[in-house]
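If you want the building blocks of each chain, they are given just below.
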2 protein chains.
Amino acid sequence: MALRYALLGLLAERPASGYDLAKEFEGDLGRYAWQAGHNRIYPELARLAAEGLVEGAEEGTRGRRVYTITAAGLAELRAWLLQPQLGGAVRNEGVLRLFLLSALDPGDARKMLNEIVAHTEQELARLKDTVSGETPISPGGRLDFGWLAAGYGLRQYEASRDWAVWALGEFDKAERRRTGRH
Amino acid sequence: MALRYALLGLLAERPASGYDLAKEFEGDLGRYAWQAGHNRIYPELARLAAEGLVEGAEEGTRGRRVYTITAAGLAELRAWLLQPQLGGAVRNEGVLRLFLLSALDPGDARKMLNEIVAHTEQELARLKDTVSGETPISPGGRLDFGWLAAGYGLRQYEASRDWAVWALGEFDKAERRRTGRH
DNA sequence: GTTGGATATGTCAATACGGACCTATCCAGG
DNA sequence: CCTGGATAGGTCCGTATTGACATATCCAAC
């Protein structure tokens with residue numbers, strides 16, 4: 001159900017082909033919000049077109065077909081955004097991994113936490129470059145989708161790093177308590 | 001693929017029935033990491049038992065069957081945790097919603113952002129209570145799963161709130177720039 | 001001229017998942 | 001006694017999703 005709104009949202013920014021959309025999902029969108037491959041995107045675009053929520057132009061070069069959101073599609077998207085509906089589907093394999101870390105030996109857990117800290121620092125550096133630049137505005141005068149996503153990713157990675165540092169401290173405390181008893 | 005590791009991870013903490021596990025998924029685990037209903041859990045437990053990764057005790061009262069992780073199951077879980085495998089599956093309808101907010105009219109977008117700020121503040125208050133208490137240690141001397149999850153959730157909500165506040169400011173800036181031109 | 005990579009779109013089978021439905025037991029309170 | 005809610009387990013079907021396979025074009029570099 002959510003994929004269709006992701007597609008409508010992307011098309012609300014600018015017209016795009018299935019291929020273009022698939023590439024968007026490889027960026028921050030796919031990293032933090034929703035993943036989809038082209039194999040899922042093409043059929044869904046066809047369905048959206050059949051329902052009149054998007055319109056596909058004739059095939060251009062290399063069979064490229066550019067889709068545009070219709071008024072009905074925009075209305076559908078906005079209606080979905082306005083209903084507050086807390087707690088939709090959540091699936092995040094990376095976070096699950098973090099949570100299960102306590103199943104490892106303390107040494108291994110610490111090693112993984114240190115790797116997480118290093119990795120998040122790296123991503124933070126990348127995102128800081130993206131976010132600290134200009135504030136990009138879409139042709140329609142709207143805030144750029146990718147810009148908002150990068151800002152979210154930045155804060156998310158900061159939170160992950162802080163959590164990992166905190167967890168490291170807690171592991172140390174637990175370890176000291178255990179060896180202290182021996 | 002990830003559900004089985006979530007189950008193994010929970011059973012690594014303590015033996016539990018399918019019903020117990022389903023309730024765990026309703027808490028912080030399901031909110032930030034991975035969702036699953038009992039309809040997915042029971043068949044997966046049966047599969048894990050068939051593969052020898054967990055062991056189901058005989059039916060107790062009310063048909064209750066308590067599962068315990070086996071040595072093979074623990075080894076499987078640890079092997080999965082140790083391979084760094086960045087960027088697994090991510091699905092988060094709430095975050096998707098945030099990203100698509102720019103498709104709304106500026107007024108509506110601001111309204112939704114304000115609701116997000118209010119909601120995250122509420123969750124933050126709840127989590128602060130949970131995390132600021134004692135540091136719970138599992139029977140095995142390991143850090144408690146739920147404790148780590150709550151700590152993560154706390155930082156995640158802080159990040160979401162900060163993002164929403166930042167986004168509100170950016171919406172305002174974009175709006176001022178647009179009306180300033182008129 | 002031909003080779004490799006990016007562009008571009010699809011299909012298909014197998015698996016994962018969600019919502020709806022079903023059954024049954026235990027126990028506290030009226 | 002009996003009713004409602006929590007405990008406990010499950011199935012079934014339609015849809016969502018993934019991985020693998022398949023095809024064709026354009027263009028730059030060699």
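Just so it is clear, the model here is predicted, and its values are computed rather than measured. (Residues numbered from 1 in each chain as written. Chains lettered and ligands numbered in written order. Predicted model: local features only at pLDDT ≥ 70, side-chain atom pairs only at ≥ 80, totals over all residues. Heavy atoms only, no water.)

Novice: Mind showing me how you'd approach the packing of aromatic side chains here?
Specialist: Here a ring pair, both rings aromatic, is described through the centre-centre distance and the interplanar angle of the planes. Following the criterion strictly, the structure yields ten aromatic pairs over all chains and no others. Ring geometry for Phe-99 of chain A and Tyr-152 of chain B: centres 5.6 Å apart, planes at 80°, overall edge-to-face. In this pair, Phe-99 of chain A sits in helix H6 (residues 93–100) while Tyr-152 of chain B sits in helix H8 (residues 145–181), so the two residues belong to two different chains. In this structure, Phe-99 of chain A and Tyr-152 of chain B share a single accessibility class: buried. Taken together, Phe-99 and Trp-163 of chain A together with Tyr-152 of chain B form an aromatic cluster joined through their ring pairs. Just above the ring of Trp-80 of chain B sits the side chain of Arg-97 of chain A; from NZ or CZ to the centre is 4.1 Å. (Phe/Tyr/Trp six-rings, centres within 6.5 Å; stacked < 30°, edge-to-face > 60°. Helix = DSSP H or I, 4+ residues; strand = E, 2+ residues; numbered from the N terminus. Buried < 20%, exposed > 50% of the residue type's maximum accessible area, 1.4 Å probe, protein only. Lys NZ or Arg CZ within 6 Å of the ring centre and 35° of its normal.)

Novice: Would you explain the protein's contact with DNA strand D in this entry?
Specialist: Lining the immediate environment of DNA strand D, one finds 20 residues, of which Asn-39 of chain A together with Tyr-19, His-38, Arg-65 and Arg-91 of chain B sit closest. Taking the atoms of DNA strand D that fall within 4 Å of the protein, sugar and phosphate contribute 62% of them. Here a phosphate oxygen of DNA strand D and a side-chain polar atom of Arg-40 of chain A are 3.4 Å apart. The side chain of Arg-64 of chain B places a nitrogen or oxygen atom 3.1 Å from a phosphate oxygen of DNA strand D. Contributing elements (two or more residues each) for the surface near DNA strand D: helix H4 (38–50) of chain A together with helix H2 (18–24) and helix H4 (38–50) of chain B. For the surface near DNA strand D, the element with the most residues is H2 of chain B, which contributes four residues. Partitioned by chemical class, the residues of the surface near DNA strand D number four nonpolar, seven polar and nine charged. (Near = heavy atom within 4 Å. Polar contact = N/O pair within 3.5 Å; in protein donor to acceptor, adjacent residues only side chain to side chain. Nonpolar A, V, L, I, M, F, W, Y, C, P; charged D, E, K, R; others polar.)

Novice: Any chance you could explain the pairing of strand E3 (residues 66–69) of chain A here in plain terms?
Specialist: On any regular strand, side chains alternate: one points to one face of the sheet, the next to the other face. All names here are of chain A. Because side chains alternate across E3, one face comprises the buried residues Tyr-67 and Ile-69, and the other comprises Val-66 and Thr-68, none of which is buried. Sheet topology note: the strand E1 (residues 16–17)/E3 ladder contains two bridges and is antiparallel. Across the sheet, the residue bridging to Ser-17 is Val-66, located in E3. Relative to E3, strand E2 (residues 54–56) runs antiparallel, the two sharing three bridges. When the bridges of E3 are listed, Glu-55 appears paired with Thr-68. (Pairing = 2+ DSSP bridges.)

Novice: What should I look at first to understand the layout of surface pockets in this one?
Specialist: The gaps of empty space that remain are located by a probe, the size of a water molecule, rolled over the atoms. Residues and elements named next belong to chain A. Taken as a whole, the second largest pocket encloses approximately 200 Å³ of empty space. If you trace the second largest pocket, you find it lined by Ser-17, Gly-18, Tyr-19, Asp-20, Tyr-42, Leu-45, Thr-61, Arg-62, Gly-63, Arg-64, Arg-65 and Tyr-67. Counting residues per element, the lining of the second largest pocket draws most heavily on helix H2 (residues 18–24), which supplies three residues. Considering only residue class, the lining of the second largest pocket consists of four nonpolar, four polar and four charged. (1 Å grid on protein atoms, 1.4 Å probe; cavity = no way out; pocket = protein on both sides within 12 Å on 5 of 7 lines; lining within 4 Å. Points joined across faces, edges and corners; volume = space filled by probe spheres on them.)

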